Amino acid sequence: MSAPVAVWGKGPAPGSSDYGKVGGVSAIPVADDVLDPDVPVLTVAEVASRIGQSENKVRQMLRDGHLIAVRRSGELLVPADFVGTEGAIKGLPGTITVLSDAGFNRTEMLRWLYSEDESLPGVTPVNALRTSHGTEVKRRAQAMAF
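Residues numbered from 1 in each chain as written. Predicted model: local features only at pLDDT ≥ 70, side-chain atom pairs only at ≥ 80, totals over all residues. Heavy atoms only, no water.

Caption draft 1: Broad picture of the overall build of the protein. Along the protein, the regular secondary structure elements total 6 helices and 4 strands. For the protein, the sequential pattern of α-helices and β-strands runs β-β-α-α-β-β-α-α-α-α. Per-residue burial over the protein gives 36% buried out of 146 residues. Restricting to contacts in the protein with at least 6 residues of sequence separation, those with at least 24 account for 58%. Split by element, the accessible area of the protein, about 8,600 Å² in all, is 50% carbon and sulfur. (Helix = DSSP H or I, 4+ residues; strand = E, 2+ residues; numbered from the N terminus. Buried < 20%, exposed > 50% of the residue type's maximum accessible area, 1.4 Å probe, protein only. Contact = heavy atoms within 4.5 Å. Areas by Shrake-Rupley, 256 points an atom, 1.4 Å probe, with all protein chains shown as cover.)

Caption draft 2: Local environment of the environment of Val44. Here Val44 is to be found in helix α1 (residues 44–51). Under the relative-accessibility criterion, Val44 is labelled buried at 8%. The spacing of Val44 and Leu76 is 32 residues in sequence and 6.5 Å in space, taken between C-alpha atoms. Once residues within four sequence positions are removed from consideration, Val44 is found in contact with Glu55, Val58, Arg59 and Leu76.

Caption draft 3: Here's a closer look at helix α4 (residues 106–113). With 6 of its 8 residues buried, α4 lies for the most part within the structure. Every buried residue of α4 is listed here: Arg106, Thr107, Met109, Leu110, Trp112 and Leu113.

Caption draft 4: View of the nonpolar core. Leu67 and Phe82 are the most contacted members of the largest nonpolar core, which totals 37 residues. Those elements giving two or more residues to this core turn out to be α1, α2 (55–63), β3 (69–72), β4 (75–79), α3 (92–101), α4, α5 (125–130) and α6 (134–143). (Core = buried A, V, L, I, M, F, W, Y, C linked by side-chain atoms within 4.5 Å.)

Caption draft 5: Seen up close, the confidence of the model for the protein. Taken as a whole, the protein shows an average pLDDT of 87; of its residues, 82% reach a score of 70 or greater. Across residues 5–10, where pLDDT falls below 50, the model places 6 contacts with residues more than four positions away in sequence or in other chains. (pLDDT = per-residue confidence, 0-100.)

Caption draft 6: Structural context of the sheet that holds strand β1 (residues 30–31). Read across the open sheet, the 4 strands follow the order β1-β3-β4-β2; overall the sheet is mixed. Two strands lie at the open edges of the sheet, namely β1 and β2 (41–43), each paired on one side alone. Judged from the 2 bridges that link them, β1 and β3 form a sheet pairing that is parallel. Directly across from Ala31, in β3, lies its bridge partner Val70. Packing of α1 onto the sheet brings it into contact with β2 and β4, and relative to β2 it is tilted by some 90 degrees. (Pairing = 2+ DSSP bridges. Axes fitted to C-alpha atoms, helices over the stretch in contact; angles between N-to-C directions.)

Caption draft 7: Broad picture of α2. Among the residues of α2, those classed as buried are Val58, Met61 and Leu62. The buried residues of α2 occupy an angular sector of 100 degrees when projected down its axis, which confines them to one face. Residues of α2 that are buried in the fold lie against α1, β3, β4 and α4. Note on α2: the residue one or two positions beyond its end, Gly65, has a positive phi of about 80 degrees. (Arc of directions from axis to C-beta.)

Next comes the structure, spelled out in C-alpha coordinates:
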(Lines give C-alpha, C1' and ligand atoms only; values in the text may rest on other atoms or scores of the structure.)
Protein backbone atom coordinates (compact mmCIF):
# COMPACT_ATOMS: atom_id res chain seq x y z
CA MET A 1 0.00 0.00 0.00
CA SER A 2 1.40 3.44 -0.89
CA ALA A 3 1.73 6.36 1.52
CA PRO A 4 -1.11 8.90 1.64
CA VAL A 5 -0.76 11.72 -0.86
CA ALA A 6 -1.27 15.35 0.07
CA VAL A 7 -4.42 16.56 -1.66
CA TRP A 8 -3.55 20.22 -1.30
CA GLY A 9 -0.24 19.71 -3.11
CA LYS A 10 2.24 20.83 -0.46
CA GLY A 11 3.84 19.07 2.45
CA PRO A 12 3.37 15.54 3.71
CA ALA A 13 -0.10 14.08 3.81
CA PRO A 14 -1.86 13.31 7.08
CA GLY A 15 -0.88 9.82 8.20
CA SER A 16 2.58 9.91 6.63
CA SER A 17 5.64 9.66 8.86
CA ASP A 18 6.64 13.27 8.05
CA TYR A 19 3.24 14.78 8.79
CA GLY A 20 3.47 17.51 11.44
CA LYS A 21 7.19 18.13 11.01
CA VAL A 22 8.35 21.62 10.18
CA GLY A 23 10.15 21.76 6.87
CA GLY A 24 11.33 24.30 4.36
CA VAL A 25 12.13 27.00 6.91
CA SER A 26 14.74 29.16 5.29
CA ALA A 27 17.80 29.87 7.36
CA ILE A 28 19.15 33.37 7.60
CA PRO A 29 22.37 33.66 5.59
CA VAL A 30 25.19 34.91 7.79
CA ALA A 31 28.61 36.25 6.88
CA ASP A 32 31.75 35.30 8.74
CA ASP A 33 32.60 37.99 11.26
CA VAL A 34 35.28 39.80 9.26
CA LEU A 35 34.29 43.21 10.62
CA ASP A 36 36.84 45.40 12.31
CA PRO A 37 36.06 45.42 16.05
CA ASP A 38 35.50 49.20 15.82
CA VAL A 39 32.56 48.80 13.39
CA PRO A 40 29.37 49.43 15.40
CA VAL A 41 26.81 46.64 15.17
CA LEU A 42 23.14 46.30 16.13
CA THR A 43 21.17 43.31 17.36
CA VAL A 44 18.07 42.28 15.44
CA ALA A 45 15.98 43.89 18.21
CA GLU A 46 17.92 47.16 17.90
CA VAL A 47 17.49 47.19 14.11
CA ALA A 48 13.76 46.54 14.55
CA SER A 49 13.49 49.41 17.02
CA ARG A 50 15.44 51.79 14.77
CA ILE A 51 13.25 51.12 11.73
CA GLY A 52 9.96 50.74 13.59
CA GLN A 53 9.35 47.16 12.45
CA SER A 54 9.18 43.75 14.09
CA GLU A 55 12.18 41.50 14.63
CA ASN A 56 10.57 39.04 12.20
CA LYS A 57 10.57 41.77 9.53
CA VAL A 58 14.31 42.32 10.14
CA ARG A 59 14.97 38.58 9.82
CA GLN A 60 13.01 38.62 6.54
CA MET A 61 15.16 41.52 5.32
CA LEU A 62 18.23 39.41 6.08
CA ARG A 63 16.78 36.39 4.22
CA ASP A 64 15.79 38.61 1.28
CA GLY A 65 19.31 40.07 0.98
CA HIS A 66 18.42 43.63 2.02
CA LEU A 67 20.89 43.43 4.93
CA ILE A 68 23.88 41.30 5.89
CA ALA A 69 24.45 39.93 9.39
CA VAL A 70 27.31 38.31 11.26
CA ARG A 71 27.04 36.01 14.26
CA ARG A 72 28.96 36.78 17.45
CA SER A 73 28.52 34.61 20.52
CA GLY A 74 25.45 33.10 18.87
CA GLU A 75 23.76 36.47 18.31
CA LEU A 76 22.87 37.93 14.92
CA LEU A 77 24.40 41.38 14.49
CA VAL A 78 23.98 43.86 11.64
CA PRO A 79 26.51 46.63 10.95
CA ALA A 80 24.92 49.89 12.11
CA ASP A 81 26.18 51.50 8.87
CA PHE A 82 23.66 49.40 6.94
CA VAL A 83 20.57 50.72 8.71
CA GLY A 84 18.75 54.04 8.38
CA THR A 85 15.54 55.08 10.09
CA GLU A 86 13.37 53.45 7.41
CA GLY A 87 15.32 50.25 6.79
CA ALA A 88 18.41 49.36 4.81
CA ILE A 89 20.31 52.40 3.56
CA LYS A 90 19.51 53.45 0.03
CA GLY A 91 21.36 51.35 -2.52
CA LEU A 92 22.44 48.57 -0.17
CA PRO A 93 19.87 45.93 -1.23
CA GLY A 94 20.65 46.55 -4.91
CA THR A 95 24.38 46.37 -4.27
CA ILE A 96 23.95 43.09 -2.38
CA THR A 97 21.98 41.72 -5.34
CA VAL A 98 24.65 42.80 -7.83
CA LEU A 99 27.40 41.23 -5.71
CA SER A 100 25.37 38.05 -5.29
CA ASP A 101 24.83 37.85 -9.05
CA ALA A 102 28.60 38.27 -9.45
CA GLY A 103 29.12 35.16 -7.30
CA PHE A 104 30.11 36.83 -4.03
CA ASN A 105 29.11 35.10 -0.81
CA ARG A 106 27.98 37.14 2.22
CA THR A 107 31.48 37.23 3.75
CA GLU A 108 33.05 38.49 0.52
CA MET A 109 30.31 41.12 0.23
CA LEU A 110 30.99 42.36 3.74
CA ARG A 111 34.73 42.55 3.09
CA TRP A 112 34.17 44.47 -0.14
CA LEU A 113 31.66 46.90 1.40
CA TYR A 114 34.22 47.84 4.06
CA SER A 115 37.33 47.79 1.84
CA GLU A 116 39.11 51.11 1.45
CA ASP A 117 39.23 52.70 -1.99
CA GLU A 118 40.61 56.25 -2.03
CA SER A 119 39.09 56.87 -5.47
CA LEU A 120 35.58 56.30 -4.12
CA PRO A 121 33.59 59.12 -2.49
CA GLY A 122 33.44 58.19 1.18
CA VAL A 123 36.56 55.97 0.96
CA THR A 124 34.61 52.67 1.40
CA PRO A 125 31.63 51.39 -0.58
CA VAL A 126 29.40 51.43 2.51
CA ASN A 127 30.29 55.06 3.26
CA ALA A 128 29.71 55.96 -0.38
CA LEU A 129 26.24 54.40 -0.13
CA ARG A 130 25.55 56.41 3.04
CA THR A 131 26.51 59.63 1.22
CA SER A 132 24.22 59.05 -1.78
CA HIS A 133 26.82 57.65 -4.17
CA GLY A 134 25.00 54.35 -4.72
CA THR A 135 25.18 54.51 -8.50
CA GLU A 136 28.98 54.57 -8.41
CA VAL A 137 29.09 51.74 -5.86
CA LYS A 138 26.79 49.54 -7.95
CA ARG A 139 28.75 50.36 -11.13
CA ARG A 140 31.95 49.15 -9.47
CA ALA A 141 30.22 46.06 -8.13
CA GLN A 142 28.95 45.24 -11.62
CA ALA A 143 32.42 45.74 -13.10
CA MET A 144 33.82 43.12 -10.71
CA ALA A 145 31.50 40.51 -12.22
CA PHE A 146 33.46 40.58 -15.48
